[in-house]
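Structural description and commentary
Here is what each chain is made of, one letter per residue.
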Amino acid sequence: MAFEGLATRLQNVFSKLRGKGKLTEDDVNEALREVRLALLEADVNFKVVKEFIAKVKERAIGQEVLESFTPAMVVVDIVNKELTDLMGGSQSKLARSNRPPTVVLMVGLQGAGKTTATGKLAKMLLQQNHRPLLAAGDIYRPAAIKQLQVLGEQLKVPVFTMGDQVSPVEIAKNALQHAKDNGNDYLIVDTAGRLHIDEALMDELKQIVTAISPDEILLVVDAMTGQDAVNVAESFHKQLELTGVVLTKLDGDTRGGAAISVKAVTGCPIKFAGIGEKLDALEPFHPDRMASRILGMGDMLTLIEKAQAGIDAEKAKEMERKMRTAEFTFDDFLDQMEQVKKLGPLDQILDMLPGANKMKGMKDLKVDDKQMARIAAIVKSMTKEERQNPDMLSPSRRKRLAAGSGNSVQDVNRFIKQFDDMRKMMKQFSSMMGPKGPKALKNLKGKLGKGMKFPFG
């Protein structure tokens, strides 16, 4: 997770507070000093940090905290609410015009992932039963038009192009007419990137805005550039009056300060977050859920939504029965692995579980597609009988599995042990995936949406 370092620091601060029972004003001041340092190290804008700490302090040294039976929990709740407000308070949804098509203009610097974000947004709209049209308005970068066309082919989404000899303003105007004529309810216009804020290209963007009156002007920024991303957002907003920001590479090894600062500095809400390279790796940005994840409370709402969209209900019923009756085999494990892969990378799923970063062995767990393939190779090297009965796997059989799957014997031994551990862990999900799964998910989501919280840590 982008905020891993910040999350660990903050959770350590609040662990110390919980150990004190009653809190003094000095305890709160010391904790907030550490919170301030943690935010600054995460590259959060220093003015934003100063205002944030002042707001938290004002509330945290009030009577409700110092006289509470659980003062540390009250402080955590205050930080959670203030962090949520700092990032925008509530989800800012994509606009939808009363007179289709809704026009979305994608802008940003080169290298931020703008064209890919355009494709990801189209995929999200497709999943919501919309009919998007993509328009190739970047006539300057070599292969930019081709890149968008390839994305369109992958998604089976039409791409409007007039080549690279026509002005982007004309392309945008013609794309809008094409969308109207062909019943597309969203038009997403990809524009030229720039290495820095360039006056000529900025003027061109202003002309496009005048020509097609977009409902959304979304700035795509790279979260890994930290405070620079906020500065870029501020510059673009002054000239174009942005309606929102798309943060890309939020899954990368970044300190995450851009996500916390951008709304406070620019007034522009973050609408989407890119959390991977695949075309479905774009999520609506929920400030409350992100704050909850940073503070180690998990993000069960997003996990439930992913489960509802990705889990095969019939397979889930059968899997839940096998878990309850201890019939879970290596074949079932392969099926389950495919189901889990649909939810996204395992480390991202674990980020959504309350307190998962404190669970033994979970903190450093990173599972990529190559590792999943190596595990699948071990299972596929087993005989039918071995897959059904793990107890058959003697040392000589394990040696054969290692040779057959291209792994070491230690890898095979480790996996078999993890298989047993995972069986135990998956029992925690059995109620979510059982015969009452869809109803249970819906009920739990409703309770969470009304403010039901999981215990901290």
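To start, this report covers the structure provided alongside it.

Re the side chain of Lys 271
The topology assignment puts Lys 271 in strand β7 (residues 270-274). Residues in contact with Lys 271, not counting those within four places in the same chain, are Ser 92, Lys 93, Leu 94, Ala 95, Glu 216, Leu 218, Thr 243, Gly 244, Val 245, Glu 283, Pro 284 and Phe 285.

A closer look at the packing of helix α2 (residues 25-41) against helix α3 (residues 46-60)
Put simply, α2 and α3 touch, their axes get as near as 10 Å, and they point 155° apart. Classified by the interaxial angle, the pair formed by α2 and α3 is roughly antiparallel. The two elements α2 and α3 cross, and the hand of that crossing is right-handed. Counting all contacts with α2, which are made through Val 28, Asn 29, Leu 32, Val 35, Arg 36, Leu 39 and Leu 40, the residues of α3 involved are Phe 46, Val 49, Phe 52, Ile 53, Val 56, Lys 57 and Ala 60. Of the residues belonging to the contact of α2 with α3, the class tally is 11 nonpolar, 1 polar and 2 charged.

What to know about α2
Taking 1.5 Å of rise per residue, the 17 residues of α2 would be expected to cover 24 Å, and the 25 Å separating its terminal C-alpha atoms lies within 8% of that figure. Listed as buried for α2 are Asp 27, Val 28, Asn 29, Ala 31, Leu 32, Glu 34, Val 35, Ala 38 and Leu 39. At the exit of α2 stands Asp 43, carrying a positive phi of roughly 70°.

Re the sheet that holds strand β2 (residues 132-137)
On the basis of which strands lie adjacent, the open sheet formed by 8 strands has the order β3-β2-β4-β1-β5-β6-β7-β8 and mixed pairing. Looking at the sheet topology across the chains shown, the edges are occupied by β3 (159-160) and β8 (282-284). Lying on the sheet, helix α7 (residues 144-155) is in contact with β2, β3 and β4 (186-191); it crosses β2 at an angle near 165°. With respect to the sheet, helix α8 (residues 168-182) is in contact with β1 (102-108), β2, β3 and β4, its orientation differing from that of β2 by roughly 165°.

Cut-offs used in this document
Residues numbered from 1 in each chain as written. Predicted model: local features only at pLDDT ≥ 70, side-chain atom pairs only at ≥ 80, totals over all residues. Heavy atoms only, no water. Helix = DSSP H or I, 4+ residues; strand = E, 2+ residues; numbered from the N terminus. Contact = heavy atoms within 4.5 Å. Axes fitted to C-alpha atoms, helices over the stretch in contact; angles between N-to-C directions. Parallel < 35°, antiparallel > 145°, perpendicular 65-115°, else oblique. Left-handed = near helix turned anticlockwise from the far one by under 90°. Nonpolar A, V, L, I, M, F, W, Y, C, P; charged D, E, K, R; others polar. Expected span 1.5 Å × (residues − 1). Buried < 20%, exposed > 50% of the residue type's maximum accessible area, 1.4 Å probe, protein only. Pairing = 2+ DSSP bridges.

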